[in-house]
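# Coordinates in review
The chain contents come next:
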Amino acid sequence: MIKNRLRRMVKPVKKHLIKKAIANKYYLENEYLVYEIKLINFWLSPKSMRAKFIHGDIELNLFVDNNGTLLFVRVPVHELRSINEVAYIELTIDNKLVWITKSTRWDNFCESILIEKKYITTNIYKSIIIANHFKELTFIPEKVRVTVPTTKYNSLVLSLQDSDVFTDLDSLEVYAFNHDKFIILNGIRDAASADIVITEFSPLLIGLWRLFFKINDAFYPLEIVNDYHRSFDTYNHEVSLLTKGDCFYLHAEPHLFLHGSIAINMFEDEQLQLAIKSYDKRADTNFELILDELATSDVKNYPLTKTMDSLITKIALNDLCTTFFSKQFFIVDDSAEPKKYQFDLQKHHLSSALTTYKITCDSQVITLKFYKQKDHSLGLKVTKPVIRRMIVGINDFKIKGFVLLLNRFIQCQAFLLLEERDSGASIKVPIHNRFSVDLMKLDLVQLKSKDKTIIDFYIVVENSESQVIRKEKIAYRHADYKKDTYYEYQMIEDADQNEHHFLLTTTPFDNLKIESFTILNDIQLPLNVKKDDNVWLIGERYNTAQDNGIVFFNWLRENTSVEAYYVIEENNADFELIRDNPYVVAFGTQKHFNVSLKAKVLLGTHDLENILPYKAAGGFFGYEETYKVFLQHGVLGRKNVEYHKKYYDLPFDLFIVSSEAEKSDIVVGEMGYDKEDVVVTGLARFDQLVTSVAPKDILLMPTWRDWINTDARFLESDYYTAYSKLIKNKKLLQLLDDYEVNLNFYPHYRAQDYFVHESEYLHDRIKFIPFGSETVQNLLLRHALLLTDYSSVSFDFSLLKKPVIYFHFDVDRFFRRGILRPIEETFIGGIATTGDEMVELIRERIKHQLSNYDYDISGIIKYDDLSNCERIYRHVQKLFIHGQKE
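Attention here is on the structure that accompanies the text. The structure presented is a predicted model; accordingly, all values stated were derived computationally and were not measured.

## A closer look at the overall build of the protein chain
- If you tally the helices and strands in the protein chain, you get 19 helices and 57 strands.
- A burial count over the protein chain gives 54% of its 886 residues as buried.
- Total accessible area on the protein chain stands at roughly 40,300 Å², and carbon and sulfur atoms take up 48% of it.
- On the protein chain, the mean spot of the 109 positive side-chain charges and the mean spot of the 124 negative ones are 7 Å from each other.

## Notes on the nonpolar core
- Formed by 113 residues in total, the largest nonpolar core has its most connected members in Phe177 and Phe552.
- For this core, the element with the highest residue contribution is helix H6 (residues 548-559), accounting for 6 residues.
- Phe552 has contacts with Trp536, Ile538, Leu603, Leu631, Ala684, Cys869, Ile872 and Tyr873, leaving out every residue within four places of it along the chain.
- Of all hydrophobic cores here, the second largest spans 39 residues; its members include Tyr565, Leu597, Tyr623 and Val678.

## Topic: the state of the cysteines
- Summed over the entire model, instances satisfying the criterion amount to 1 disulfide.
- Two residues share a disulfide in this structure: Cys321 and Cys361, whose sulfurs sit 2.3 Å from each other. Where Cys321 bonds to Cys361 through sulfur, the torsion about that S-S bond is close to 80 degrees, and the disulfide is right-handed. Residue Cys321 is located in the loop between helix H4 (317-320) and strand S30 (327-333), and its partner Cys361 is located in strand S32 (residues 356-361); the two are separated by 40 residues in the primary sequence.
- A relative accessible area of 6% means that Cys321 is categorised as buried.
- No disulfide involves Cys412; its nearest neighbouring cysteine sulfur is the one of Cys361, lying 12 Å away.

## Points about the pattern of salt bridges
- With the rule as written, the count across this model stands at 41 salt bridges.
- Across the pair Asp607 and Lys483 runs a salt bridge, and its minimum N-O distance is 2.7 Å. Linking Asp607 in the loop between strand S48 (599-604) and strand S49 (627-630) with Lys483 in the loop between strand S41 (468-473) and strand S42 (488-493), this pair joins segments that are 124 residues apart in sequence. For the residue pair Asp607 and Lys483, the accessibility class agrees, reading buried in each case.
- With a shortest N-O distance of 2.4 Å, Lys801 and Asp864 are connected by a salt bridge.

## Digging into helix H8 (residues 590-598)
- Among all positions in H8, only His592, Phe593, Val595, Ser596 and Leu597 are buried.
- Packing partners of the buried residues in H8 comprise strand S44 (512-519), strand S45 (532-539), strand S46 (563-568), strand S47 (584-586) and S48.

## Description of the pairing of strand S33 (residues 364-372)
- The pairing of S32 with S33 spans 6 bridges and is antiparallel. Paired with Cys361 across the strands is Gln364, a residue of S33.
- Count of turn residues in the S32/S33 antiparallel hairpin: 2 residues, of which Asp362 carries a positive phi of about 55 degrees.
- Pairing between S33 and strand S34 (residues 378-383): 6 bridges, direction antiparallel. Among the inter-strand pairings, Thr367 is bridged to a residue of S34, identified as Thr383.
- Count of turn residues in the S33/S34 antiparallel hairpin: 5 residues, of which His376 carries a positive phi of about 75 degrees.

## Considerations on the side chain of Glu569
- Relative to the elements of secondary structure, Glu569 occurs in the loop between S46 and helix H7 (573-578).
- Separated by 2.8 Å, the side chains of Glu569 and Lys450 make a polar contact.
- Here Glu569 is in contact with Lys450, Tyr542, Asn543, Phe575 and Phe587, once residues within four sequence places are set aside.

## A word on the sheet that holds S45
- Taking strand neighbours across the sheet as the criterion, the 7 strands line up as S47-S46-S45-S48-S49-S50-S51 in an open arrangement whose pairing is parallel. Edge positions in the sheet fall to S47 and strand S51 (678-680), since each of these pairs with one other strand and no more. Across the sheet, the mean angle separating the axes of adjacent strands is 25 degrees when strand polarity is ignored.
- Bridge analysis of S45 against S48 gives 5 bridges, and the strand direction is parallel. Residue pairing across strands places Ile538 opposite Leu603, the latter belonging to S48.
- Where H8 meets the sheet, its contacts fall on S45, S46, S47 and S48, and the angle it forms with S45 comes to roughly 125 degrees.

## Some points on the packing of H6 against helix H19 (residues 868-878)
- Closest axis-to-axis distance for the H6/H19 pair is 10 Å, and the angle between their directions is 75 degrees. On the basis of their axis angle, the class for H6 and H19 is roughly perpendicular. When H6 is examined against H19, the residues Val551, Phe552, Trp555 and Leu556 are found in contact with a partner set consisting of Cys869, Glu870, Ile872 and Tyr873.

## Quick look at the sheet that holds strand S39 (residues 434-438)
- One open sheet accounts for 3 strands, arranged S35-S36-S39; its pairing is antiparallel. The open sheet terminates on both sides in strands that have one partner only, identified here as strand S35 (388-395) and S39. This sheet shows a mean twist of 20 degrees between the axes of neighbouring strands, independent of strand direction.
- With 7 bridges joining them, S35 and strand S36 (residues 398-404) adopt antiparallel strand pairing. In the sheet register, Ile394 faces S36, and the bridge partner there is Ile399.

## Focus on the packing of aromatic side chains
- Here the structure, examined in full by the defined rule, presents 61 aromatic pairs.
- Relative to Phe807, the ring of Tyr723 has its centre 5.7 Å away and its plane inclined at 90 degrees; by these criteria the two rings are edge-to-face. Here Tyr723 is found in helix H11 (residues 718-726), whereas its partner Phe807 is found in strand S56 (residues 804-807), with 84 residues between them in sequence. The residues Tyr723 and Phe807 share a single accessibility class, namely buried.
- Measuring from centroid to centroid gives 5.6 Å for Tyr749 and Phe771, while their planes differ by 40 degrees, and the two rings are tilted. Taken together, the positions of Tyr749 in the loop between strand S53 (743-745) and helix H13 (752-759) and Phe771 in the loop between strand S54 (766-768) and helix H14 (776-781) put the pair 22 residues apart, joining distant regions of the chain.
- Every member of this aromatic cluster is reached through a ring pair, and the members are Trp704, Phe714, Tyr719, Tyr720, Tyr723, Phe745, Tyr754, Phe755, Phe807 and Phe809.
- One Lys or Arg, Lys450, reaches over the ring of Tyr542 and ends 5.0 Å from the middle of that ring.
- Stacked on the ring of Tyr627, the Lys or Arg Lys600 has its end atom at 5.4 Å from the ring centre.

What counts and what doesn't
- Residues numbered from 1 in each chain as written.
- Predicted model: local features only at pLDDT ≥ 70, side-chain atom pairs only at ≥ 80, totals over all residues.
- Heavy atoms only, no water.
- Helix = DSSP H or I, 4+ residues; strand = E, 2+ residues; numbered from the N terminus.
- Buried < 20%, exposed > 50% of the residue type's maximum accessible area, 1.4 Å probe, protein only.
- Areas by Shrake-Rupley, 256 points an atom, 1.4 Å probe, with all protein chains shown as cover.
- Lys, Arg positive; Asp, Glu negative; His and termini not counted.
- Charge placed at Lys NZ, Arg CZ, Asp CG, Glu CD.
- Core = buried A, V, L, I, M, F, W, Y, C linked by side-chain atoms within 4.5 Å.
- Contact = heavy atoms within 4.5 Å.
- Disulfide = S-S within 2.5 Å.
- Salt bridge = Lys/Arg side-chain N within 4 Å of Asp/Glu carboxyl O.
- Pairing = 2+ DSSP bridges.
- Polar contact = N/O pair within 3.5 Å; in protein donor to acceptor, adjacent residues only side chain to side chain.
- Axes fitted to C-alpha atoms, helices over the stretch in contact; angles between N-to-C directions.
- Parallel < 35°, antiparallel > 145°, perpendicular 65-115°, else oblique.
- Phe/Tyr/Trp six-rings, centres within 6.5 Å; stacked < 30°, edge-to-face > 60°.
- Lys NZ or Arg CZ within 6 Å of the ring centre and 35° of its normal.

Here it is, written out as C-alpha cells:
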C-alpha cells in the first residue's frame, strides 16, 4: 500500500522531469524530407543538437533547425534514393543520445513519400527508422492524371485523362497507401465513360491515404488536375480530397456528433441510462447508440429516444460487464445517408455526471468508469475487483500469505490452488484474509502426472455453486528470480521408496511455483562419478527432436568421436522416430541418470531443465562442474526472452548466435553476457536447409499469443478471426485456383484443436496439417512461400532463399512488452496488416514464380555455408583448452 502511494506521488513529478523527444510528423519540403520533433521538459535550452543519418557504412550529419521547443531535421532527398532496405536518424542533444518516441497523432499526419520507384516509410523506435517499406511492389514514378467529376455519399468518381496510355484498363484497380499499409478501394468501371466509381470505403481508417492505380502489377500515383476542394461522406468518415505538391490524397476524419453534456444514471432495474444533450435537430431522423467492444469487434445497438433537447437510452448492466475489454460509444442515424458519429467530448461535458459506478456482476463487484478517450470519444472501462495477494514468508515448506479485498466478492470462498501444469490436476485449500499452509501436509506426490514436473500456485475464488469466478497467480514478496536456484527443498519418499524432490522457486514474474523431479526406486546412483570431457548430453524440449539439438547430435555422431547422447521423453511421435538409436536416452531412466552424472558438456535449445532428470542447479550431481552451451531455437531480435545472464547463478558458458548484431546488440548489450561467452556460428539446423525438389505450395504457419489462455478468449480473439477469415478469403481462394497452388495450414499446436473443426469445410486448395504429422524442417523444405506472423522459423526460410510474408494485424499488442530490434531489421520480406494486403502480397509473389525478395540477410545470418555444426563443435572444444572461450 505504501509503495502504491509513493508511485502515485512520484508519477506526476516524473511527468515533468523526464526529457522527451516526440516526433509529430514528417513531410516533403523542396528537396528535403523534414521531420518535426517536439522537445518536452528541456528546461534549459540545449547547447548542442546533432542529427546523424546512418545508412549501412554511410554516416551523414544532418541540418537541424529549431524554433523554441520544435526541432526540424532535414534529410536531403537524394540520400533517400540510395535506401534499399533501411536507414536511421539518431538525435544527440548536449552530447547525449536521445530516444525518440512518436506522438499519438503520428499515424494520422504522415505523408506518403515516393522517391523514384521507392515508397519510403518512417517508423519510430528509439531513433527514426526510414525504410523502403513496400520493396516487393513495383512503383512507377509517372503520374496518372485524373479528374473528379463528381462526389456524393459513399461514392468517388475518378475520370482518367490519359486513358490512351494504358492498353489494359480492365485490370485497373484503385489502391490507397498510408505510411505503412495499403487497402484496396473496390471500384466499378463505367462502360460508357471509362470512369471508375468507388463505393466501398469500409477499409479506410482515419488519416492520410495516397491514391494509386494498379495496372499490370505496377502502381501509378494519381495526380488530380481539377478543383480538388471537395469532400464527401461515407458511413464511417468525412473524406476530404487533398493535394500535397502534385500528390492526390484522401483524408479521412470521423463524423463528430454535435452534443452537449452527458448525464448518466443508474436504475434499480439493473439498467443504466445515458441522456445526451443533442444539437442535432433533424426531426425526421432517428438515432441509435452503438456499444463497440474494441478487442472483439462485438457491437450492440440501443435505440435513442428523443426528448425536447436530449437523446436518451437505457443499457442493461449485464451488457456492459460480459467482458473486461475497453469499450467505445458511437451514435448512428437512420437517414437516407446513414453515418456513424464519434462523440467529441470536452472537459465540461462529463463534469456534472457521475461517471464511476459499482455494480454486482458474476458474484463480484465490477467498476464501470466512463471517460474521455484521447481522441475525445466516449469510452468505458470495465474493471474487475483487485485481489490483493502475496506470499510473504516461506519456512520449512510452510508458506504464509494474505489475500485481501475478498469483500468485493459476493457469497464466495477463496482457495489456495496448487495445479500441475501438464495434467491440470489440483489441490484446493480454503483460505481467508491471512493464511498459513504447510505444504508437506498436502499430497503433492499424487498431484504429479510425470516424474519431472511443475506445480503452480493460484488464488481461486469460487461462488456458492463452486464455479470459478477468478483465478490469479500469486507472487512471493522476497522473490529473487534465478532459474538455477531455489528457496527451499524437501524430499518425500513414497510407499514404493521412490524419491520425490520438491523445490520452491519463482517465475520471471515472481509467481511462486514448485519444481519436482523423481528418482525411482530402481535407479542406482553411482558414487563419486567424475565428469567425462568426452560425454556430451544434448536435448531440446522434453518431448521434441526437430530442432538444433537433434541436428547437432546427429552431426557429432557422424563426424566426431564425442560420446554424444540425445535425451527425450518416451511416448511421443518424435521419440518413435529415433528410439532405435542406442545413443538416444529416454528421459528419467537409469541410462539417463548415468549419462547426466558423467556428462561434462550440456547442450540445449532451451533451459537445461529440459535435458536433466534432476534440478539444473548447483549442488545437484555436479551440475556446477559442467560446461553449459545454449544452442538456441531461433534467431534473437524480436520478442523478449528470459535467457539473461542475471537470471542464472551458473549462466551458459557458451551462447550460440547467428550474427555479429545479435551478439553485440542483444546477447551482450541486452542480456549481459561477456563478449567472449558469445560466438557467431549460425544455428545447427541451418546445415539441413537444402532443398532437393523445387517446391510449389504455400505454408501458413502462425505462432501463438501468450494472452490467450481460455477457450472463450481464443474464440473471441483477433488471432482466431484474422486466420479464420484469411483461409476463407474469396480473393485468395480464387488466386490459388487460378494458379493451381495449394495453401497448407499448420496452426500452432495450441490452436490445432480449434482449427481442425473447420478443416472439413475448407476450400480444396486449403489443406490442414495436423501437429506432429511432419517435422517443421520438412515443412519448410517442401514449400515455396511461407506465411507467418512473428515466428523465428522465417529466418530458416530466408536462409533457403525463399520468400516470407508476415501478417502483422496485431503487431502493437504482440510487442507490448518491447521488441529487441526494430521490425524493419528482422522481418525480411513482405509485411501485411490486413487480409487484403496479404492476398496482394501473395499474388505478387505468385506472379513472380514464387521467387525470393531481393533482401540481404547477412546482417541477421552471417554464414550461408552448411558448416554451422562444425563451428559450434570447434567453439565447444575450445572450452577445454585452458578454459579458452571466444
